[in-house]
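Understanding the architecture of this molecule
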Amino acid sequence: MQIDLEFLKNVSLFQDLDPLALSKLAALLVSKKFSTGAIIFRELDASDALYVVERGQVVISKNVHGQVDIVLTRFTRGDFFGEMGLFDAAPRSATAHAEADSILWRLDRSAFQRIFSDHPEMAARICYRMVTVFIERLRATNEQAREAIRWGLEATGYSPATDPALFGRKSS
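As a starting point, this report considers the structure included with it. Because the structure is predicted, anything quoted here is derived from the model rather than measured.

Here is what the cut-offs are and how they apply
One numbering rule holds for all chains: residues counted from 1, following each sequence as written. The predicted origin of the model limits local features to residues at a pLDDT of at least 70 and limits the giving and counting of side-chain atom pairs to 80 or more, whereas totals for whole chains, interfaces and linings rest on all residues. Heavy atoms from the whole structure form the basis of all side-chain values; hydrogens and water molecules are not counted. In summary, the pairing rule links any two rings of Phe, Tyr or Trp, Trp by its six-membered ring, whose centres are within 6.5 Å, and it sorts them by plane angle into stacked for under 30 degrees, edge-to-face for over 60 and tilted for everything else. Numbering of helices and strands starts at the N terminus; helices are DSSP runs of H or I of at least 4 residues and strands are runs of E of at least 2. The rule is simple: take the accessible area with a 1.4 Å probe, protein chains only, and divide by the maximum for that residue type; under 20% is buried, over 50% is exposed, in between is partly exposed. When the NZ atom of lysine or the CZ atom of arginine is within 6 Å of a ring's centre and also within 35 degrees of its normal, the charge is said to sit over that ring. Whenever a carboxyl oxygen of Asp or Glu lies within 4 Å of a side-chain nitrogen of Lys or Arg, that contact is scored as a salt bridge.

Examining the packing of aromatic side chains
Enumeration over the complete set of coordinates arrives at 6 aromatic pairs. The interplanar angle of 35° and the centroid separation of 6.0 Å between the aromatic rings of Phe41 and Tyr51 together place this pair among those described as tilted. Of the two residues, Phe41 is situated in strand 2 (residues 39-41) and Tyr51 in strand 3 (residues 49-55); the sequence distance between them amounts to 10 residues. Each member of the pair, Phe41 as well as Tyr51, is classed as buried. Between Tyr51 and Phe81, the ring centres sit 5.5 Å apart and the planes meet at 15°, which makes this aromatic pair stacked. Highlighted residues: Tyr51 in strand 3 and Phe81 in strand 6 (residues 80-81), separated in sequence by 30 residues. Comparing Tyr51 with Phe81 shows no difference in burial state: the two are buried. Members of the aromatic cluster, each reached through a chain of ring pairs, are Phe41, Tyr51, Phe75 and Phe81. The aromatic ring of Phe41 is capped on one face by Arg92, whose charged end is 3.9 Å from the ring centroid.

Here you go:
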């Protein structure tokens, strides 16, 4: 199966690539089909690739305790996930599964490293876009953490009025 270059250029991660660079990238991507409910990778699996969603929907979840998982996010057409696997060999931090029949394009770490060595300008453009997405995701995660802490404090009956020192501290 060959990837549609029109689709590829509309993926935010690759939007700064020219047609030649997109063609070079397309040759490195591997098509993967997943049926509804199929596990793409599990939390703590080896991490070695990024995935781009062409069709379907992917759910990213994290184990909280025992059999309890929390859905962190969902990815659809044009989204990418698993990008940490391009940069280090740490285990997967979450589980990904297909919520609908899906077609994904996989970019392996070894292929990404070839882009760095053979096409540094292309790598720089991809990395710039990846950093902008990291920033967006980090901001969203910070907001989720703030809300979780607030809810936890409210659930225990804690109020900033009873101990303002914990809430008045500012980072320096």
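Looking at the pattern of salt bridges
Per the counting criterion, the structure on display carries 12 salt bridges. Between Arg129 and Asp16 there is a salt bridge, and its shortest N-O distance comes to 2.7 Å. A residue pair is termed long-range when its members are at least 10 positions apart, and Arg129 in helix 4 (residues 120-155) and Asp16 in the loop between helix 1 (5-9) and helix 2 (19-26) qualify at 113 residues. Here Glu147 and Arg146 are joined by a salt bridge, their closest N and O atoms 2.7 Å apart. Judged by its relative accessible area of 17%, Glu147 is buried. One continuous salt-bridge network, built from bridges that share partners, spans Glu143, Arg146, Glu147, Arg150 and Glu154.

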